[in-house]
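A look at the structure
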Amino acid sequence: MISIQAAPPCKQPESLFADVIVPRHLAGPFTYTVPSLLRPTLRIGHRVLVPFGRSILQGAVIALSHVLPQGLDRARLREIHSLLSEGAATDVSSNLFQLSRQVAEQYVAPWGQCLRLVLPPAPKPLAQGSHYELTEQGRAALAVREPCSVKARALLTRLGKKPSGLRRSSRSPGLGDLLHDLKVRGWVMEVQNLPPTSAAPRTRPTRQANHDSFSVTPPLIPDPAMSWSEPLLKALRGPEPTRVLVQASWTDRLRLLQQAVRLVLDRGQTFLIIVGEAERAQWVTSLIRNDEMGIAPVCFHSGLSDQLKAEMWNQIHRQIVRVVVGTRSAIFLPLTEIGAIWVEGEEDTALKEPQEPRYHARDVAWLRAQDEKAVLVLSSAHPSLEIRAAVEQRGIVVRKLMPSDSQPSIQVVNLRDHGRGTVLSQPLVRAIEQAISRRTGVLLFLNRKGYAGALVCRDCGQVPRCPACRVALMYSRQAGRLLCSYCGDVTPLPEACVICSGPRMQLIGEGTERVEEDAKRLFPHAAVIRLDGDTMRRPAQAEAIWQRVEQGKWDIIVGTQLLLRRGPRPTVGLVGIVQADAGFNVPNFRSAERTYHTLLDAVSLANSTGTGGQVIVQTYLPSHHAIQAVAQNNESIFLSEELSHRTALGYPPAVFLIALLVSGTKETMVHDAATDWVARLSACTSPSVAGQTTVAKIPSTIQSIGQSNRLAVLGPVPSPVPRLRGRYRWQILVKSSEQEAGLEAVRITVKDMERTYQRCAIKFDVDVDPIEMW
């Protein structure tokens, strides 16, 4: 029998729309339709592949809706391609997902850019053959702008943006010679491609090995010598997120770190250690490793291959690894059940990311510690003024200052009492002779490489400048050239001044090359080692120098701050600080603080007074509060004076600071855009920006915005480097007594500026809590 009843209509599957953010400098998010196969399984936080222009990008789902967002044409929406491939983690944990959003808000950066930070490394399979990668020295050269040609700098920058390397097939004519030169300098290396399955991590800890650490670790027995650290140990046993500042010598901090790791592992939690430099991270990893107690940390840093980083990330994601030591990006690793985050050397400028998003790992660590209900330990021999103020107001401070009898004797030499151009004064020369005769070792410390800081015309006072960057050129006697420390351009020595044609050109501001030359001339029989960015450029050369240092095959070391980045540091009978005030003239409000910290680090390399340790500080400013604090071993001299200066002038920690940079190839347009930005900031006077309470009064000499005097703008002014690689640069500083007031004003205006000038090739950069001035 045939039924004549009409068949029920087919029910159409309900539409589903997904908002996806992609790792690009775009406000986003972007709306996609969800294919029917993914509708039952797709969740917020899932990682997906989506079409974006002509590319397929990895993104994250941030919202799902059955309703088409208003104003969108469904016919123009594209469909999500797929979830990530099988075997990969398909979602971002809710904690890290939220952390990426917090970073975007706190540092005024696109959420898509911040999403990159929490996504796992995804190396692309390489074909057979070879490719070129940056070495660790190459990354350092790129970061500190080592002298090289413009083409070499461009290639280094390109390699820095291509973690998978530059393949042989992608080489263009003329590039081979340049790659060869960079390879000889130790900045790039040629790597044979391997099939993806052949890559293996250097260490492969197992879940069983790490799990055993909780059951076999002997109970932690209280050490009477560590009673000073009890407030920290008590906090580690507590349930609430706490910020603890630890100020002590490196030896005491290391003992406390080892004890804290054991305590946290005994509680079944994980431990994350953040260090500024990759080399130092590797050293710390070796110091806390203890196979007998089951402590097997892994070291995660930018120098690892993409394949190795991906495998480490997956091990951490699968909860195989329980202790991680890493550089700043390690703060975003998918560790779970974190008991403590330890930031070693919290004042280290390497903890600040120089590119967008310009986060500070120390401050992101506090965001994460609060979410994980973990303890954040900020460890340093000389904490920054900002952290001192923040933790003393709300946190725990643990200090163990070194007794006076463990300090060396310190003598200050006023260079104004000696002849013009003196590099090594007579008191320092006599002390060097005595130290060499006793074979106790000499360190001559100067944080400026090269032979001289600059070349100056004695007739008109002008100095040769880089034509592209407009910064003074540094003289290298070894190269026999003038070098630009920003773009690497090399210029022959001029016979006459290019401004007035005067013939009297004079070198000013000695560097380590000059100090080495004088040391060899005055002490011809002494073994002299120079340790700076020039002598440590190539890996083999650097390793050979470190071996000589560690084996004691030297009488005199002439070194920069590079000597302080690797451990263990050598201790000597005499430390001669060649020019202690060299850093005071850097255009940065933290210059005195940085100089003070550097001097303390140099002084720490000298033996104690009881064993004949001596420090001679040469300076033109013997009354400066940083010099006096070092000479008298009294940090309160520096703190009180420096804080009064910061408060009077309106700089952190008295106020919050945001640096803005406008750059472009047309000078007039850059200036006009910077002026426009200041005008728009001045218009932000609503209560939502101004706030209601005052934390720190901004000086009345600064242009105030709004009646409540809580927001101030300085500028626009040319950047300290007014032109860099052909781009003109103007700088603006925003000061606020309340952090959110400044952030909200910048968030509102930067979006308007980018929309207004999107066709003008003008770039707008934001740096919240800047470390370096642009």
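Keep in mind that this is a model prediction, so the values were computed, not measured. (Residues numbered from 1 in each chain as written. Predicted model: local features only at pLDDT ≥ 70, side-chain atom pairs only at ≥ 80, totals over all residues. Heavy atoms only, no water.)

1. Re the pattern of salt bridges
- For the structure shown, the criterion picks out 28 salt bridges.
- Put simply, lysine 400 and aspartate 252 hold a salt bridge, and the shortest N to O gap is 3.4 Å. Taken as a pair, lysine 400 in strand S15 (residues 396-400) and aspartate 252 in helix H8 (residues 250-266) lie far apart in primary sequence, 148 residues in all.
- Take lysine 400: its relative accessible area is 31%, and that puts it in the partly exposed class. (Salt bridge = Lys/Arg side-chain N within 4 Å of Asp/Glu carboxyl O. Helix = DSSP H or I, 4+ residues; strand = E, 2+ residues; numbered from the N terminus. Buried < 20%, exposed > 50% of the residue type's maximum accessible area, 1.4 Å probe, protein only.)

2. Quick look at the sheet that holds strand S9 (residues 242-248)
- Overall, parallel pairing links the 7 strands, which are arranged S11-S12-S10-S13-S14-S9-S15 in an open sheet. A strand with exactly one partner marks an edge of an open sheet, and here the two such strands are strand S11 (298-300) and S15. Within the sheet, the average angular offset between the axes of one strand and its neighbour, ignoring direction, is 20°.
- Summarising the sheet, strand S10 (residues 270-275) and strand S12 (residues 323-326) pair through 4 bridges and their orientation is parallel. (Pairing = 2+ DSSP bridges. Axes fitted to C-alpha atoms, helices over the stretch in contact; angles between N-to-C directions.)

3. Remarks on the pairing of strand S25 (residues 574-577)
- Of the two faces of S25, the one carrying Leu574 and Gly576 and the one carrying Val575 and Ile577 are both buried.
- Relative to S25, strand S17 (residues 442-445) is paired through 4 bridges, and the arrangement is parallel. Counted as the bridge partner of leucine 443 is valine 575 from S25.
- Of the strand pairs in this sheet, S25 and strand S26 (residues 614-619) are connected by 4 bridges, and their pairing is parallel. Each residue of the ladder has a partner; that of leucine 574, found in S26, is glutamine 614.

4. A short note on the packing of aromatic side chains
- Under the criterion given, the structure shown has 8 aromatic pairs.
- Ring centres 5.4 Å apart and planes at 85° place the aromatic pair tryptophan 677 and phenylalanine 764 in the edge-to-face group. In this pair, tryptophan 677 sits in helix H19 (residues 667-682) while phenylalanine 764 sits in strand S31 (residues 763-768), placing the two residues 87 residues apart along the sequence. Across this residue pair, the class does not change: tryptophan 677 and phenylalanine 764 are buried.
- A connected cluster of aromatic rings, assembled from ring pairs, spans Trp677, Tyr757 and Phe764.
- Between the NZ or CZ atom of lysine 735 and the centre of the ring of tyrosine 651, over which it lies, the distance is 3.8 Å. (Phe/Tyr/Trp six-rings, centres within 6.5 Å; stacked < 30°, edge-to-face > 60°. Lys NZ or Arg CZ within 6 Å of the ring centre and 35° of its normal.)

5. Considerations on the side chain of serine 663
- Along the polypeptide, serine 663 turns up in strand S27 (residues 656-664).
- Ignoring sequence-local partners within four residues, the contact set of serine 663 consists of Val670, Arg727, Tyr728, Arg729, Ala761, Ile762 and Lys763. (Contact = heavy atoms within 4.5 Å.)

6. Describing the packing of helix H1 (residues 94-106) against helix H11 (residues 361-372)
- It is at 11 Å that the axes of H1 and H11 come closest, and there the two elements cross at 140°. By the angle between their axes, H1 is oblique relative to H11. At the point where H1 passes H11, the crossing takes the right-handed sense. Mapping the contact onto sequence places Asn95, Leu96, Leu99, Gln102, Val103 and Gln106 in H1 and Asp363, Val364, Leu367, Arg368, Asp371 and Glu372 in H11.
- Its residues assigned to classes, the contact of H1 with H11 shows 5 nonpolar, 3 polar and 4 charged. (Parallel < 35°, antiparallel > 145°, perpendicular 65-115°, else oblique. Left-handed = near helix turned anticlockwise from the far one by under 90°. Nonpolar A, V, L, I, M, F, W, Y, C, P; charged D, E, K, R; others polar.)

Without other data, these values stay purely geometric and don't point to any function.
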